[in-house]
Amino acid sequence: MAYRYLNIENVGKRYQTPNGALDVLESLDLRIENHEFVCIVGPSGCGKTTILNLIAGFESPTSGRLTLLDEPIEGPGSDRAVVFQEASLMPWMNVQSNIGLPLKVKHVSKEERAAKVEPLIDTVGLKGFERHFPWQLSGGMQQRVGIARALAMDPQIILMDEPFGALDAQTRESMQESLVDIWSKSKKTVVFITHSIDEALVLGDRVIVMGSRGTGVKDDIHVDLDRPRDSTTVPFNELKKHIRELLVN
Ligand SMILES: Nc1ncnc2c1ncn2[C@@H]1O[C@H](COP(=O)(O)OP(=O)(O)OP(=O)(O)O)[C@@H](O)[C@H]1O
Ligand SMILES: [Mg+2]
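The residue numbers shown here count from 1 along each chain, following its written sequence. As a convention, the first chain written is A and the first ligand written is 1, with the rest following in written order. Only residues with pLDDT of at least 70 get local features here, since the model is predicted, and only at 80 or more are side-chain atom pairs given and counted; chain-wide, interface and lining totals rely on the full set of residues. To get the side-chain values, take all heavy atoms of the structure and skip hydrogens and water.

Where helices and strands are cited, they refer to DSSP runs of H or I of at least four residues and of E of at least two residues respectively, numbered from the N terminus. Tallying secondary structure elements over the chain gives 7 helices and 10 strands in all. For the radius of gyration, the atom set is restricted to C-alpha positions; the globular benchmark scales as 2.2 Å times the number of residues to the power 0.38. For 249 residues, the compact-globule estimate of 2.2 N^0.38 gives 18 Å, and the chain sits close to it at 18 Å. Split into buried and exposed, the 249 residues of the chain put 47% on the buried side. The contact definition used throughout considers only heavy atoms, calling two residues in contact when any of these lie within 4.5 Å. Counting contacts in the chain only where the partners sit at least 6 residues apart, residues at least 24 apart contribute 67% of the total. Computed with a 1.4 Å probe, the accessible areas rest on the Shrake-Rupley method; for each residue, only the protein chains presented here act as cover. Only carbon and sulfur atoms are counted for the fraction: they give 50% of the accessible area of the chain, which is about 12,400 Å². Charge assignment: positive for Lys and Arg, negative for Asp and Glu; neither His nor the chain ends contribute. Where a charge sits is defined by one atom per residue type, namely NZ (Lys), CZ (Arg), CG (Asp) or CD (Glu). The centroid of the 28 positive side-chain charges in the chain is displaced by 4 Å from the centroid of its 34 negative side-chain charges. Partly exposed residues are those whose accessible area sits between 20% and 50% of the maximum for their type, while under 20% is buried and over 50% is exposed, using a 1.4 Å probe and protein chains only.

What follows is the structure in structure tokens.
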């Protein structure tokens, strides 16, 4: 059998709701390679978060299977970290403690924690804010703490669900730049959900375009554009137009 890094194989997901059964995913096939930056776009309710929850192991598939390095995903694990739209930091912990929290949970010693957290603070550009509490930070800074906290686990895969959706345009752009920077240095695999076609094309090696609920993957686009990506170029805008057409039809 061919080696696959992250393999989503013939996956179906059915939720039970007060209005009866809801088939959100039906025979979804998706292969993600190591170090890839994969963006997922699609209409609201098509199952993007569901896919992320399945990869994270928060949910299990109704049919089919998910494997990571040929091992079935059977629950959450420290090899996969999730960054949500809200940073969901601990309000009573400062930046340093919030970032080190996953290590504390794993009973890593205080000294070792400090040694691991320090370079991460640098990575996400929060030097000088170590002792600040979440309420003393802007939304973008809080989100950077959330990203550093995800990196602290040293996961193989970072799962991001519209992490920059609540940020203003300028902060968002600088966060995108730092994420690409972090990704290219850390060589993690990133699965990134967004509603913004521009964001997907600025970030992704691949853009997966989902159809409406239950219809699955409409297109799987290899984004062969130089980085940093320039959203004013013709090839960029051709891809953008193509994705937009897929999303409206
Ligand atoms: N735990 C659950 N129980 C029942 N229904 C659910 C559950 N989670 C999601 N759903 C339903 O499944 C569908 C897909 O939800 P999901 O959150 O995966 O969509 P999404 O693509 O992330 O949408 P959005 O872009 O709005 O975030 C929706 O109709 C939602 O109401
Ligand atoms: Mg969602």
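Okay, back to it.
Attention now goes to the layout of surface pockets. Grid spacing is 1 Å over the protein atoms alone, the probe is 1.4 Å, and a cavity is where that probe fits but cannot get out, while a pocket is an open set with protein on both sides within 12 Å along at least five of seven lines and lining residues have an atom within 4 Å of a point. Grid points are joined across faces, edges and corners, and a volume is the space filled by probe spheres set on the points. If you add up the space inside the largest pocket, you get close to 340 Å³. Lining the largest pocket are 13 residues, with Glu173, Gln176, Glu177, Val202 and Arg229 positioned closest to its centre. Those elements that place two or more of their residues in the lining of the largest pocket are helix H5 (169–186) and helix H6 (197–203). For the lining of the largest pocket, the element with the most residues is H5, which contributes 6 residues. As a working rule, the residues Ala, Val, Leu, Ile, Met, Phe, Trp, Tyr, Cys and Pro are called nonpolar, Asp, Glu, Lys and Arg charged, and the rest polar, with Gly in that last group. Along the lines of polarity and charge, the residues of the lining of the largest pocket split into 4 nonpolar, 2 polar and 7 charged.

What follows covers the packing of aromatic side chains. Two rings from Phe, Tyr or Trp (for Trp, the six-membered ring) form a pair when their centres are within 6.5 Å of each other. A pair whose planes differ by under 30 degrees is stacked, one over 60 is edge-to-face, and the rest are tilted. Evaluation of the coordinates by the stated rule reveals 4 aromatic pairs. Seen in terms of ring centroids, Phe37 and Trp183 are 5.5 Å apart; in terms of plane orientation they differ by 75°. Their pairing is edge-to-face. Of the two residues, Phe37 sits in strand S3 (residues 37–41) while Trp183 sits in helix H5, which places them 146 residues apart along the sequence. Neither Phe37 nor Trp183 differs from the other in exposure class; each is buried.

Turning our eyes to something else, we now look at the sheet that holds S3. We treat two strands as partners when DSSP finds at least two bridges between them. With mixed pairing, 6 strands are arranged side by side in an open sheet as S6-S7-S8-S3-S9-S10. On the outer flanks of this sheet lie strand S6 (80–83) and strand S10 (217–222), each paired with one strand and no other. Within this sheet the neighbouring strands show an average axis-to-axis angle of 15°, counted without direction. Pairing of S6 with strand S7 (residues 157–161) involves 4 bridges; the strand directions are parallel. Bridged to Ala81 within S7 is Ile158. Whenever a helix is involved, its axis is fitted only over the stretch in contact; in every case the axis is a line through C-alpha atoms, and angles between N-to-C directions fall within 0 to 180 degrees.

Below, the discussion takes up helix H1 (residues 48–56). Of all 9 residues making up H1, 8 are buried, and the element is well covered by its neighbours. All of the buried residues in H1 are Lys48, Thr50, Ile51, Leu52, Asn53, Leu54, Ile55 and Ala56.

As a further point, take the side chain of Lys13. You can see Lys13 is positioned in strand S1 (residues 6–17). For Lys13, a relative accessible area of 8% gives the class buried. A polar side-chain atom of Lys13 sits 3.3 Å from a polar atom in the side chain of Glu59. Among all residues touching Lys13, those that are not within four sequence positions of it are Leu22, Asp23, Val24, Leu25, Thr50, Leu54, Glu59, Ser60, Pro61 and Thr62. Each polar contact in these results corresponds to two N or O atoms within 3.5 Å; when the atoms are within protein, one needs to be able to donate a hydrogen and the other to accept it, and residues that are neighboring in sequence are counted only if both atoms are side-chain atoms.

This part covers the site of ligand 1. Near ligand 1 you find 15 residues, and of these Ser44, Gly45, Lys48, Thr49 and Thr50 are the closest. Here an oxygen atom of ligand 1 sits 2.5 Å away from a polar atom, N or O, in the side chain of Ser44. Here Cys46 contributes a backbone N or O atom positioned 3.3 Å from an oxygen atom of ligand 1. Protein contact buries 65% of the 640 Å² of open area that ligand 1 shows by itself. Among the elements of the structure, S1, strand S2 (20–32) and H1 are those that each provide at least two residues to the shell around ligand 1. Along the lines of polarity and charge, the residues of the shell around ligand 1 split into 5 nonpolar, 7 polar and 3 charged. Think of it this way: one heavy atom of a residue within 4 Å of a molecule or strand is enough to make that residue near it.

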